[in-house]
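The lines below spell out each chain.
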Amino acid sequence: MREEIMQGIKTLLSLSSTLQDIPPRELLVGILYLSAEQRKTLRDAPDGFRRVAVETGRPVSQHLLDALMGMALIGTYAPYHETAFEVQRFALQQNWRLVTERLGDSRKHRPAWALFLKDGTAAVSIRGTDVEQSRGGDLFTDFDANAGGLPTCATGAAAHRGVLSAAQVLERELRPTLKVLAQAGYRIVLTGHSLGGAVAAVLLWLLRFGTDGERLDAPVTGIGYAVPSVVDLRTSEALRPYFTSLVNSMDAVPRLSPSALGRLARELRSCAAQSGADLDEDLNHYVERLSSVWAPRVRDGTPAPELPTVKTPTPHAADEEPHIWASHEEDEVDLYIPGNVVWLHRARGHLEAALVPCTAAPLRRLLLDKRMFEDHSARAIHQALRAVQARRDATVELPPWQKFSDAGEKCPCCGSRYEWMNTARSGKMRCHAMTNCRLCGLVVCVGCASSRRSIPEQGLDTGRVCDRCAWRGPPLPELGPLFGALAEANSDS
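What counts, and at which threshold
- Residues numbered from 1 in each chain as written.
- Predicted model: local features only at pLDDT ≥ 70, side-chain atom pairs only at ≥ 80, totals over all residues.
- Heavy atoms only, no water.
- Helix = DSSP H or I, 4+ residues; strand = E, 2+ residues; numbered from the N terminus.
- Buried < 20%, exposed > 50% of the residue type's maximum accessible area, 1.4 Å probe, protein only.
- Contact = heavy atoms within 4.5 Å.
- Areas by Shrake-Rupley, 256 points an atom, 1.4 Å probe, with all protein chains shown as cover.
- Pairing = 2+ DSSP bridges.
- Core = buried A, V, L, I, M, F, W, Y, C linked by side-chain atoms within 4.5 Å.
- Axes fitted to C-alpha atoms, helices over the stretch in contact; angles between N-to-C directions.
- Lys, Arg positive; Asp, Glu negative; His and termini not counted.
- Salt bridge = Lys/Arg side-chain N within 4 Å of Asp/Glu carboxyl O.
- Polar contact = N/O pair within 3.5 Å; in protein donor to acceptor, adjacent residues only side chain to side chain.
- Parallel < 35°, antiparallel > 145°, perpendicular 65-115°, else oblique.
- Nonpolar A, V, L, I, M, F, W, Y, C, P; charged D, E, K, R; others polar.
- Expected span 1.5 Å × (residues − 1).
- Arc of directions from axis to C-beta.
- Patch = residues over 30% accessible without salt bridge, like charges linked within 9 Å, V, L, I, M, F, W, Y side chains within 5 Å.
- Phe/Tyr/Trp six-rings, centres within 6.5 Å; stacked < 30°, edge-to-face > 60°.

**With respect to the overall build of the protein**
Secondary structure assignment for the protein yields 16 helices and 15 strands. Taking all 493 residues of the protein together, 53% fall into the buried category. Within the protein, counting contacts between residues at least 6 apart in sequence, those at least 24 apart form 73% of the total. Accessible area for the protein stands at about 23000 Å²; split by element, carbon and sulfur atoms hold 53% of it.

**Some words on the pairing of strand β15 (residues 460-465)**
For a regular strand, the rule is simple: side chains alternate between the two faces of the sheet. Both strand β14 (residues 451-455) and β15 contribute to a ladder of four bridges, which runs antiparallel. When the sheet's bridge partners are listed, R452 is paired in β15 with R464.

**Observations regarding the nonpolar core**
Among the nonpolar cores identified, the biggest contains 46 residues, and L12, L19, L264, L268, L368 and C411 are the most heavily contacted of them. Contributions of two or more residues to this core are made by α1 (3-15), α3 (24-43), α11 (258-274), β13 (443-445) and β15. For this core, the element with the highest residue contribution is α11, accounting for seven residues. Ignoring anything within four residues of it in the chain, the contact list for L264 reads L12, L19, L34, L366 and L368. Counting 37 residues, the second-largest nonpolar core is a separate cluster that includes A159, L203, W205 and V230.

**Brief notes about the sheet that holds strand β3 (residues 113-118)**
Ordered by their spatial adjacency, nine strands build an open sheet running β1-β11-β10-β9-β8-β7-β4-β3-β2, and the pairing between neighbours is mixed. This sheet does not close on itself; its edge strands, each paired only once, are β1 (58-59) and β2 (97-102). Relative to strand β10 (residues 340-347), strand β9 (residues 243-248) runs parallel, the two being bridged by five bridges. Following the sheet pairing, S245 is matched in β10 by V341. With respect to the sheet, helix α6 (residues 84-93) is in contact with β2 and β3, its orientation differing from that of β2 by roughly 150°.

**Points about the side chain of R43**
Relative to the helices and strands, R43 is located in helix α3. The buried charged residue R43 lacks any salt bridge, with D369 as its nearest oppositely charged partner at 7.3 Å. In this structure the side chain of R43 is engaged in a polar contact, spanning 2.9 Å, whose partner is the side chain of N436. Contacts of R43, omitting those with residues within four sequence positions, involve W401, Q402, K403, F404, T435 and N436.

**Some remarks on the packing of α3 against helix α12 (residues 276-291)**
Orientation of α3 relative to α12, taken along the N-to-C sense of each, is 85°, at an axis distance of 11 Å. Taken together, α3 and α12 sit at an angle that is classed as roughly perpendicular. Along its contact with α3, which presents R25, V29 and Y33, the element α12 presents D278, L279 and D282. Partitioned by chemical class, the residues of the contact of α3 with α12 number three nonpolar, no polar and three charged.

**Some thoughts on α12**
Its 16 residues give α12 an end-to-end C-alpha distance of 23 Å, which sits within 8% of 22 Å, the value for a rise of 1.5 Å per residue. Every buried residue of α12 is listed here: D278, L279, D282, H285 and R289. Down the axis, α12 shows its buried residues gathered within 125° of arc, on one side only. Relative to its buried face, α12 has exposed residues pointing more than 90 degrees away, namely A277, V287, E288, L290 and S291. Looking one or two residues past α12, V293 carries a phi angle of roughly 55°, positive in sign.

**Things to note about the pattern of salt bridges**
One pass over the full model with this rule turns up 21 salt bridges. For R175, the salt bridge identified is with E171, shortest N-O distance 2.5 Å. Taken together, the positions of R175 and E171, both in helix α8 (residues 161-183) and four residues apart, correspond to about one turn of that helix. Judged by relative accessible area, R175 falls into the buried class, the value being 10%. Among the salt bridges present, the one from E267 reaches R365, with a minimum N-O distance of 3.0 Å. Of this pair, E267 sits in helix α11 while R365 sits in the loop between β11 (350-356) and α14 (378-393), placing them 98 residues apart in sequence. Given a relative accessible area of 14%, R365 falls into the buried group.

**Digging into a nonpolar patch on the surface**
Judged by side-chain polarity, L476, L479, F483 and L486 come together as a nonpolar surface patch covering roughly 440 Å² of accessible area. Note that F483 resides in helix α16 (residues 479-492).

**Quick look at the packing of α3 against α11**
For the pair α3 and α11, the least separation of the axes is 8 Å and the interaxial angle reads 95°. Classified by the angle their axes make, α3 and α11 are roughly perpendicular. The segment α3 lies against α11, with E26, L27, V29, G30, I31, Y33, L34, E37 and Q38 engaging L264, E267, L268, R269, C271 and A272. Partitioned by chemical class, the residues of the contact of α3 with α11 number nine nonpolar, two polar and four charged.

**Side note on unusual backbone geometry**
Phi at S194 is positive, roughly 60°, even though this residue is not glycine. Locating S194 in the fold gives a position in the loop between β7 (187-193) and α9 (195-209). The backbone of A226 shows a phi angle near 55°, a positive value even though the residue is not glycine. Its place among the elements puts A226 in the loop between β8 (220-225) and α10 (233-239). The class for A226 is buried, based on a relative accessible area of 0%.

**Here's the deal with the packing of aromatic side chains**
In this structure the tally under the stated criterion is four aromatic pairs. Ring plane angle 80° and centroid distance 5.3 Å describe the contact between F49 and W343, whose orientation is recorded as edge-to-face. One end of the pair, F49, is in helix α4 (residues 48-56); the other, W343, is in strand β10, with 294 residues separating them in the sequence. We classify F49 as buried; its relative accessible area is 10%. Geometrically, the ring pair formed by Y77 and F90 is edge-to-face, given 5.2 Å between the ring centres and 90° between the ring planes.

**Quick word on α3**
Given a rise of 1.5 Å per residue, 20 residues ought to cover 28 Å, and the 29 Å separating the end C-alpha atoms of α3 matches this to within 8%. Within α3, burial applies to L27, V29, G30, I31, Y33, L34, S35, A36, Q38, L42 and R43.

Structure follows, in structure tokens:
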């Protein structure tokens, strides 16, 4: 089992009583085989995410992508540093200037923040969850999750209670300063990462729509990174003209809604119930391996003389793929990502960006992937934005990807079964031993895809490639004339 997935499940267990109610053995079996099933489903639809993005959203403009990249430093990274000096150091490198801050005093419902100025823009960056610097206070804000009513003119609007309480505290604290800046002609931008982005969205609501009839008479907009689902659908839709949330690929945090957690629990139970035969087979494989004193695995095949042909996608190929993101019934009371959603999604191993509604099916489902919490970090978000830009600047089309279901049983690079390295060798677990080469698109075993190289023409700083592509060179010239020319050159010298 991948360590990253198990760490992710531990985090989900701490947040969901529904998952805690699943018996441990049933939970472990469900995790083991559901992660494998989901991986195979995604690799059998290499353009599945792109299809959803096209059907439900639209491409992200270059202007918006530039704004997301330009705000990323102060929105996701700088406020997590312990001292104002370090925050200022990073800010000045990008021509921002730290004006004032409250980074050293955060607790429950009172997150840390910093105010930056640049070219007529005043940006308030609200720090996300930092257990150490807030002395545990941010966790209390995170877990205070019951929905509470937003005290505005919009009847029925609701938000995560802990986030709403934090936003109300910051509104009272920051309103006088923001009012002065607005009167001086500054554009006001609220930003933040994770919990900070969620507080920024609700704070923007309070400033724009007012508390007790008082509104900030100035244009206020916001950008949030990895923002969790913290408002009801009505509030999210109302925030669309003013607030943009970014979701990075497999990041689980924005998907942690009550309905998504409930659906994951049902999927785990169902998968565990249907995986009995696979579990028995894998247990027998473990016994066999133990009886051999865990002898090393070796390949037992030879490379295929001819490579399989990868089907080139046709204009109607997407219609032939299984639509894995069909909508499902939501809970009556549920929480959503606030405002517009910029979703960074993968298509054949590359990141693309689309502007989609908060109700898009991939944003309402949790996937057991190794990147489910890795993609939540500030560095991962910034790297993902750079990867999207690099792909836009790329000069070639992506090669078609072979589906896992079309790959047969043996790796074309070594001729051995894909799972030759694995101890667990059931059909479901095989997909953990398979991957696609970024150059040729073929499915190969993980052992034959240990090389990584830069593929600038595709916009990749580094990509996993198969051994055949990693060592491929130009056609070999005739050696006789070559060595004859070398000998003649040496005699002349």
